[in-house]
Each structure stands twice: as structure tokens, then as C-alpha cells.
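What follows is the residue order along each chain.
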Amino acid sequence: MVGVMMPLTKQTYMPLTVGEIEETIHEAMYVALTGRGGPVIVDIPKDIQLQETDRMYHFDPKTYEPDLPGFFYSPVPDRDQIRNAVELINRSERPIILCGHGVVTSNAGLNLQKFAERAHVPFAFTLHGLSAAPVDHPLSLGMVGMHGTVEANRALLNTDLIISFGMRFDDRVTGKLEDFGGDAKVIHVEIDPSEIDKNVKTSVAINADTGEVLNLLARDLEIVAKPRRIWFEQIEVYRSEIAEELQKEIDAGVGREGQLLMKSIVTQLSDLTEGKDIIVSDVGQHQMILARFYNFQTANSWFTSGGAGTMGCSLPMAIGIKLARPKERVWSISGDGGFQMNIQELGAIMEHDIDVKILLLNNGYLGMVRQWQTLFYDGRYAGTPMKNPDFGAIAGAYGIPYLKVTELARVADAIKTAAEHKGAFMVEFLCDPSEIVLPMVPAGGGIADMIVSK
Ligand SMILES: Cc1ncc(C[n+]2csc(CCOP(=O)(O)OP(=O)(O)O)c2C)c(N)n1
Ligand SMILES: [Mg+2]
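What you see is a predicted model, and the numbers here were worked out from it, not measured in a lab.

Scoring rules and cut-offs
Residues numbered from 1 in each chain as written. Chains lettered and ligands numbered in written order. Predicted model: local features only at pLDDT ≥ 70, side-chain atom pairs only at ≥ 80, totals over all residues. Helix = DSSP H or I, 4+ residues; strand = E, 2+ residues; numbered from the N terminus. Rg over C-alpha atoms; globule rule 2.2 N^0.38 Å. Buried ≥ 20, exposed ≤ 12 C-beta atoms within 10 Å, placed from the backbone. Contact = placed C-beta atoms within 7 Å. Domains from an automatic or database assignment. Near = placed C-beta within 6 Å. Nonpolar A, V, L, I, M, F, W, Y, C, P; charged D, E, K, R; others polar. Pairing = 2+ DSSP bridges. Axes fitted to C-alpha atoms, helices over the stretch in contact; angles between N-to-C directions. Right-handed = clockwise from strand over helix to strand, strands pointing away. Core = buried A, V, L, I, M, F, W, Y, C linked by C-beta atoms within 7 Å. Left-handed = near helix turned anticlockwise from the far one by under 90°. Arc of directions from axis to C-beta.

Moving on: the overall build of the protein. A tally of helices and strands in the protein yields 19 helices and 14 strands. Computed over the C-alpha atoms, the radius of gyration of the protein is 23 Å, within 12% of the 22 Å expected from 2.2 N^0.38 for a compact globule of 454 residues. Expressed along its principal axes, the backbone C-alpha trace of the protein runs to roughly 70 × 60 × 40 Å. For the protein, the proportion of its 454 residues judged to be buried stands at 41%. In the protein, of all internal contacts separated by at least 6 residues, the share reaching a separation of at least 24 is 71%.

In C-alpha cells, the structure reads:
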């Protein structure tokens, strides 16, 4: 167990006597929550579980600090490095801020906004950075990367200074590394030292807690708000490149065959919830469409599996999130493929009466793979069409009320019914399998290779 979990976790433990369990649990919690957070596994063997002890609790978690040589992080930034960063920011004509998940976890979204406003710099979100700040803020460019917005990606191509917070320059953000960044200088604020200079060479590295750094930058009196008129004019050009085309599709709401478009469903969900609810996605086209079209307003309201994402994660994640944040409305949104990978979690919802709203965006395909087949494999749809079960019968078997929506006119009502229902509710939407998530930076390509429209 410990061996197989090692590459998947931040740390693994296996106490070999009952006396070690207490200390191990404390150390595991400390490691999980300190620095860059991450999963830690404690495997307590069965024979150790059966041992007896009279050892009493004697740790104070507030003052507890384990003896962990090599496990070191410093939350406080170096003032000289901050000064160097501010100098670069003040000099830059075309800066861009990249907001990563570290901004969400350090609850620094408000300071990110303040800093961006004070310095007059546009900001873009990584997939995991979404919901750190309102995505419709005037300085926001939306998501960056493989399925990022035209404006975020074009700005990243043409910037002279990347100011990145709590992110790791994943390949889904950078595209082909050799083509990334051009002559742009890079400021990298990151708590995990192993991420600094890993993928992208930095001009100024600030190895500290993103929250602490943004707290300083939001109030830094040395920062000059330059007008950067040419840069912002250019950004408006990027913004308008496909805006009209997208709006037309959203307004039409259906594809050529009259089936629902996911971007229309997500836009209606966003409007009805005013972008304030908790959104838990699965992995696939619907995930990228949520990332692109949900108007995130609430801090830490977006939960998803990034990198090579894990299909099936949405339902169990949503259950955990609802238990942790019972007062907020939680939407679990899956594709027909991913939903069936953890469908048994409906049992947990039934057993514990958990109020999770389930939206199933059923396009009859492993849609994201189909998209690659459409764009890069001459439309050879091998292994992607789904022969799906009767999802209504499944919901019924678990005692979960269910609606099926095939018409655009019924989308908003169905979402509203689910939202207002007390308890779990499921809505299945029949979606157009030919919908493609664009823009797209092809895997292995540079951001300049972005496919913008069909
Ligand atoms: C467990 C797992 N298996 C395979 C993949 C590769 N994969 C990524 S997206 C996708 C298709 C997802 O299909 P669906 O859940 O129907 O969502 P859609 O793309 O149609 O919205 C696949 C197979 C993955 N990410 N995770
Ligand atoms: Mg699908």
C-alpha cells in the first residue's frame, strides 16, 4: 500500500507499533497542511490496529513541530526579492499576472485583485487558480492554457513580464516549453522550492507563501500604476477576436442537429446561480466548458482534477465538499463517461441524505477524446461512442429525483428545480456530441499554435 501510494502522495507512513500511531498522525497532518498542501497516507497495519496501549494523548497540535530534517519551507518572503520584483513590474510595458491554485489555498484572491488594480496589470487564471477572484473583473482575461481564452493566451504570447503566483508552469499552461515565454522576464512566487526554475527559468524567484507576498504587494507603495495604453488596447483586440462567434453559439443554445450545447447549459447555470455556487467538475469537455463559461464569483468555489485529470472524481469530491461546507449549494457536473466511473457514490448520497445537485452532460461519447479524434485523427471515432444505461432508472433506484432535458427551452427550469429542491437532485441533459471546446492549444504545440475557431 505504502509503496504503491508513494508516487501519488506528498508523504506516506506506516506505524509498526501502536505506540507510534499518535505521533505519526500528528506528523502526517503537519506535513499535509504545511507549505504546499498535499495528500498524505497513513497505513496502519491490521495487527497494529489490534495492539493495546495505555499511552495518553500528550500533543498540542497548536505548538507541535515535528523533527523533520529536509522538510523546510519559509512563508516569509525576502524583502530584496520583493523590491526586485516591484522594479521589474514598474518597468514592464506588457505585464501579465498568472494566478494559480496557491492564491486560492492562501485565500489571497482579494489581495491579488488589489495588487493587479494598483499596478494596473491584467490577470489570467490557471485551471486550478479559477475562483480565486471574480472571473469577470475588468482586468481578468479568464483562463490561460490549453483551453484558455484567446485573450489570455495571446497576452501570454506577447507579454514582456510574467508575474506568477502559486502555480507550477504545467504543460497545460505553457504548451511546448521551448516556445514559451519568448523574451519575457518571469517573476515566480511559489512556496514549493522544487517548482522554481523547474520548467521555466525565473528572473526573480520568491520562494514564500503566496498569501504573504500578495499581502505585501497589495500595499506596496513603490508600485506605479502605469497606464500601459497600447497593451490594454491590444488586449481589447484579443478579447473581441472570437467573442461574437461564441456569443452567437451561446444564444443559439443548440448545435446543427438541434441538440443542446454544453456552453449554453453552463451559461444558464452560471446565470441562475449568479456564479456563486460551488462547482465540482469531472474530466472532459464539460470540465473545460465549465472552466471557460462559469462566471466564478465566490472564492474557492471551483473543484476539479487537473493535469491528466481523473475521470469519476466529481461525485465523491462533491460529497466531501458538501459535508465540509454544508451551507453552500454544491453542483456535481459530469460527462456520461466519468459519471459511470464512480456511480456507486449515489449510494453514499442516499444513505447519508447528502444534498448534492448532479448535472449529467450526456453527449453519448467520451467527448474530449472524440474531440481529439475530430481534430487530429480524421474523425476516426474508435472506442469513444458510449452505449449508456438508463440514467433516470439509476437515479430512481437510489431514490434521487431526476429530470431529463432535451430542449433548450427547458434547461433553465430544470436547473432551477434542482437548485430549489431540498436534497439531492439529478438532471440529465442530452448534448450535441459534435461540440468542440475551442480555443485549443494542441498537445505538444506552442501557444502560438492555438486553434481558435473551426
Ligand atoms: C480515469 C480516466 N480515464 C481516462 C481518461 C482520459 N479521458 C480524458 S477526458 C475523457 C472523456 C470524458 O468523457 P465524458 O466523461 O463523457 O465527458 P465529456 O468529455 O464527454 O464531456 C477521457 C477518456 C481520464 N482522464 N481519466
Ligand atoms: Mg461524454
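What follows covers the domain arrangement of the protein. As far as domains go, the protein holds domain 1 (1–72), domain 2 (79–239) and domain 3 (243–430). A separation of 36 Å is found between the C-alpha centroids of domain 1 and domain 2.

For the rest of this paragraph, the subject is the site of ligand 1. Surveying the vicinity of ligand 1 reveals 22 residues, the closest of which are Gly284, Gly335, Gly337, Gly338 and Gly367. Residue assignment for the shell around ligand 1 shows that the elements contributing at least two residues are helix H13 (285–293), helix H15 (336–339) and helix H17 (367–376). A per-class count over the shell around ligand 1 returns 9 nonpolar, 11 polar and 2 charged.

This part covers the sheet that holds strand S5 (residues 140–143). Two pairing modes exist for strands in a sheet, parallel and antiparallel, and in both the strands are linked by backbone hydrogen bonds. Pairing in this open sheet of 6 strands is parallel, and the strands run S5-S4-S3-S6-S7-S8 from one edge to the other. Two strands bound the open sheet, and with one partner strand each, they are S5 and strand S8 (204–206). Between one strand axis and the next, the sheet turns by 15° as a mean value, whatever way the strands run.

Quick look at the pairing of strand S7 (residues 185–189) now. For S7, the tally of buried residues reaches 5 of 5 residues, placing the bulk of the element in the interior. Residues Lys185, Ile187 and Val189 line one face of S7 and the alternating positions Val186 and His188 line the opposite face, and both faces are buried. Across 5 bridges, the pairing between strand S6 (residues 161–165) and S7 is parallel. Bridge pairing in S7 places serine 164 opposite histidine 188. Two elements, S7 and S8, share 3 bridges in a ladder whose sense is parallel. Paired with histidine 188 across the two strands is alanine 205, which belongs to S8.

Another aspect to go through is the pairing of strand S13 (residues 402–405). As paired strands, S13 and strand S14 (residues 425–430) are joined by 4 bridges and run parallel to one another. Looking at S14, one finds that lysine 404 is bridged to glutamate 428. Regarding topology, helix H19 (residues 411–420) serves as the crossover connection from S13 to the parallel S14, and that connection is right-handed.

The next thing to look at is the sheet that holds S13. Taken in spatial order, the 6 strands line up as S10-S9-S11-S12-S14-S13 in an open sheet, and their pairing is parallel. The sheet is open, and its two borders are formed by strand S10 (302–303) and S13, each paired with just one other strand. In terms of strand pairing, strand S11 (residues 330–335) meets strand S12 (residues 356–362) through 6 bridges, oriented parallel. If you follow tryptophan 331 over to S12, its bridge partner there is lysine 357. Relative to the sheet, helix H14 (residues 314–324) contacts strand S9 (278–281), S10, S11 and S12, its axis offset from that of S11 by approximately 175°.

The next point concerns the nonpolar core. Core analysis: the biggest nonpolar cluster contains 103 residues, and Leu98, Cys99, Leu112, Ala124, Val280, Val427 and Phe429 have the highest contact counts within it. Looking at this core, you find at least three residues from each of domain 2 (79–239) and domain 3 (243–430).

Time to look at unusual backbone geometry. Note the cis peptide between leucine 438 and proline 439, where omega equals -5°. With respect to the helices, strands and loops of the structure, proline 439 is situated in the segment after S14. Here aspartate 378, not a glycine, exhibits a phi torsion of approximately 50°, which is positive.

Time to look at the environment of valine 427. Locating valine 427 in the fold gives a position in strand S14. Along the chain, valine 427 and phenylalanine 391 lie 36 residues apart, while their C-alpha atoms are 9.5 Å from each other. With residues up to four places along the chain from it excluded, the contact list for valine 427 reads Leu359, Leu403, Val405, Ala414, Ile415 and Ala418.

Moving on to helix H11 (residues 243–252). Here H11 lies mainly on the outside; 0 of its 10 residues are buried. Glycine 253 sits one or two positions beyond H11 and adopts a positive phi of about 75°.

Let us look at the packing of helix H6 (residues 109–119) against helix H9 (residues 210–217). The axes of two packed helices give the description: the angle between them and the distance between them. It is at 8 Å that the axes of H6 and H9 come closest, and there the two elements cross at 35°. Judged by the twist between their axes, the crossing of H6 over H9 is left-handed. Residues Asn111, Leu112 and Phe115 of H6 form the contact with H9, whose participating residues are Leu214, Asn215 and Leu217. In terms of residue class, the contact of H6 with H9 is made up of 4 nonpolar, 2 polar and no charged.

Residues of H17 that are buried include every one of Gly367, Met368, Arg370 and Gln371, and no others. Buried residues in H17, looked at end-on, bunch into an arc of 155°, giving them a common side. Where the residues of H17 are buried, they touch H13 and S11. Note on H17: the residue one or two positions beyond its end, aspartate 378, has a positive phi of about 50°.

As a further point, take the environment of aspartate 171. Tracing the sequence through the fold places aspartate 171 in helix H8 (residues 171–174). Linking aspartate 171 and isoleucine 25, residues 146 residues apart in sequence, is a C-alpha distance of 34 Å.

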